[in-house]
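Below are the chains, spelled out letter by letter.
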Amino acid sequence: MDLTTAYLGLTLKSPLVASASPLNRQLENLRILQDCGAGAVVLPSVFEEQINREQEILDALIDHGSESYGEALSFFPAQTFASDTSNHLALVEQAAQTLAIPVIASLNGVTESGWIEYAQDLESAGAAAIELNVFFVPSDPAVCGSDVEKRYTDIVAAVAGEVDIPVSVKVGPYFSSPGHMAGQLVRAGARGLVLFNRFYEPDIDPATLSMQTSLELSHAHEMRLPLLWIGVLAGRSKASLAATTGVETADDVIKYLLAGADVVMTTSALLRHGPQYMRVLVDGLADWLTARGLSSPADIRGKLSHSNVGDPETYERANYIKVLQGFAQH
Ligand SMILES: Cc1cc2nc3c(=O)[nH]c(=O)nc-3n(C[C@H](O)[C@H](O)[C@H](O)COP(=O)(O)O)c2cc1C
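Below is a summary of the structure that appears in this document. (Residues numbered from 1 in each chain as written. Predicted model: local features only at pLDDT ≥ 70, side-chain atom pairs only at ≥ 80, totals over all residues.)

Let's talk about the overall build of the protein chain
Across its full length, the protein chain holds 13 helices and 12 strands. Scaling as 2.2 N^0.38, a compact globule of 330 residues should have a C-alpha radius of gyration of about 20 Å, and the protein chain matches this with 21 Å. When each of the 330 residues of the protein chain is scored for burial, the buried share is 39%. Looking at the protein chain alone, contacts between residues at least 24 apart form 73% of all its contacts between residues at least 6 apart. (Helix = DSSP H or I, 4+ residues; strand = E, 2+ residues; numbered from the N terminus. Rg over C-alpha atoms; globule rule 2.2 N^0.38 Å. Buried ≥ 20, exposed ≤ 12 C-beta atoms within 10 Å, placed from the backbone. Contact = placed C-beta atoms within 7 Å.)

Printed below as a string of structure tokens:
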């Protein structure tokens, strides 16, 4: 089965992409993902805060002058000088040289400032594309929606302006009009939209009266929100659409393709079952297509999108009323 897929102007051998996670920090895992049919891999993010911190330390060293350089080194913890960003660039370089599939680097930040130049380093290291993750929590109630949207588009324009490789944007769903925002991101230079970021909201522990942070892997029911917006945008946005969140089985991959995703990303399932699980998803998709006499993911892509589904109101308010009124208590 030929699963060839176009994404961000790149040709992928399948629509399955291993999204950013610590799993993709190991070259060995990346090789397994490739061998098990992944169309591309996204490396873990480099964060704006990491880049800025290293720059601050470098600036401090320079300010101390060359004579005090050796002494200044001892002021800082050793791991700071095993520079995170250099290690990261080395990973991009090694992965790009070793793998035949595209290696997508991930940049993660929320301000339009100097860290953005790091995109050029990622391109030079061999990244085929950059996935820009903007995870901004507008916790200041004085900040209005249009300012938040401008922040996103400014960052996208700045990163896209730094590099020749395609840039995709990974965002959350919390905009007044996600469809309009998608258009703005594309106009700012995004070639692809990765929908959606998961929000790792803090919890509160009543026993210790403290804030708790924890990361739980996703579950399939969480895919409904990205499924909705991919379905709404498919065929109506110029951007490539990548679905992320909630993929546990090949059926979940098929659902996202039916809604209109160009590629389907997965992290939690790979962390749960290991990188070899990519093979289960890829083969599951191929088997499903074969069983129906279909020859490619293109045969199902977007078949149930808002534009193509017979009753588009299932994507709208009518669905809300139907599910509320149709609820039967057991
Ligand atoms: C442990 C862990 C680390 C992650 N690190 C990153 C990251 O560095 N950058 C990023 O954009 N997303 C990161 N993600 C989010 C995933 O790429 C993915 O979008 C999210 O987990 C939803 O997909 P899933 O339901 O298949 O897990 C991480 C997720 C997990 C669970």
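Overview of the pairing of strand β11 (residues 240-243)
Every second residue of β11 is oriented toward a common face, with Ser240 and Ala242 on one face and Leu241 and Ala243 on the other, all of them buried. Inspection of the sheet shows strand β8 (residues 192-195) paired to β11 by 4 bridges, in the parallel sense. Residue Leu195 lies in a different strand from β11, and its bridge partner there is Ala243. Of the crossover connections in this fold, the one passing from β11 over helix α10 (residues 250-259) to the parallel strand β12 (residues 263-266) is right-handed. (Pairing = 2+ DSSP bridges. Right-handed = clockwise from strand over helix to strand, strands pointing away.)

Things to note about the sheet that holds β8
If you walk around this closed barrel you meet the 8 strands as β3-β4-β5-β6-β7-β8-β11-β12, and the pairing is parallel. With direction set aside, neighbouring strand axes in the sheet form an average angle of 25°. When strand β3 (residues 16-18) meets strand β4 (residues 40-47), the two strands line up parallel, connected through 2 bridges. Along β4, the bridge assignment pairs Val17 with Ala40. Packing of helix α7 (residues 145-162) onto the sheet brings it into contact with β5 (103-108), β6 (129-133) and β7 (167-171), and relative to β7 it is tilted by some 155°. (Axes fitted to C-alpha atoms, helices over the stretch in contact; angles between N-to-C directions.)

Thoughts on the site of the ligand
Close to the ligand lie 22 residues, the nearest being Ser19, Ala20, Ser45, Ser218 and Ser268. Mapped by element, the contributors of at least two residues to the shell around the ligand are β4, β5 and α11 (268-273). The residue makeup of the shell around the ligand, split by class, is 7 nonpolar, 13 polar and 2 charged. (Near = placed C-beta within 6 Å. Nonpolar A, V, L, I, M, F, W, Y, C, P; charged D, E, K, R; others polar.)

A few points about unusual backbone geometry
Glycine aside, negative phi is the norm for most residues, and most peptide bonds take the trans geometry. Note the cis peptide between Leu195 and Phe196, where omega equals 0°. With respect to the helices and strands, the residue Phe196 is situated in the loop between β8 and β9 (203-205). Residue Thr245 is not a glycine yet carries a positive backbone phi of 115°.

Quick notes on the pairing of β4
Burial of β4 is extensive: 6 of the 8 residues sit out of reach of the surface. Relative to β5, β4 is paired through 5 bridges, and the arrangement is parallel. Residue pairing across strands places Val42 opposite Ile104, the latter belonging to β5.

A word on the packing of helix α9 (residues 224-233) against α10
Contact geometry of α9 with α10 gives a least axis separation of 8 Å together with a crossing angle of 30°. Between α9 and α10, the interaxial angle falls into the category roughly parallel. Of the residues in α10, those in contact with Leu227, Ile230 and Gly231 of α9 are Lys255, Tyr256 and Ala259. Here the contact of α9 with α10 is composed, by residue class, of 4 nonpolar, 1 polar and 1 charged. (Parallel < 35°, antiparallel > 145°, perpendicular 65-115°, else oblique.)

Looking at helix α1 (residues 27-35)
Every buried residue of α1 is listed here: Asn29, Leu30, Ile32, Leu33 and Gln34. The inward-facing, buried residues of α1 abut β3, β4, α5 (84-98) and α12 (277-291). Looking one or two residues beyond α1, the residue adopting positive phi is Gly37, at roughly 105°.

Side note on the environment of Gly37
Note on placement: Gly37 falls in the loop between α1 and β4. Sequence separation of Gly37 and Tyr277 is 240 residues, and the distance between their C-alpha atoms is 10.0 Å. Those residues in contact with Gly37, other than ones at most four positions away along the chain, are Ser14, Leu16, Met278, Arg279 and Val282.

Observations regarding the packing of α1 against α5
With their axes 11 Å apart at the nearest point, α1 and α5 run at an angle of 35° to one another. Crossing handedness for the pair α1 and α5: right-handed. Between α1 and α5, the residues in contact are Leu27, Leu30 and Arg31 and Gln94, Ala95 and Thr98, respectively. A class-by-class count of the residues in the contact of α1 with α5 yields 3 nonpolar, 2 polar and 1 charged. (Left-handed = near helix turned anticlockwise from the far one by under 90°.)

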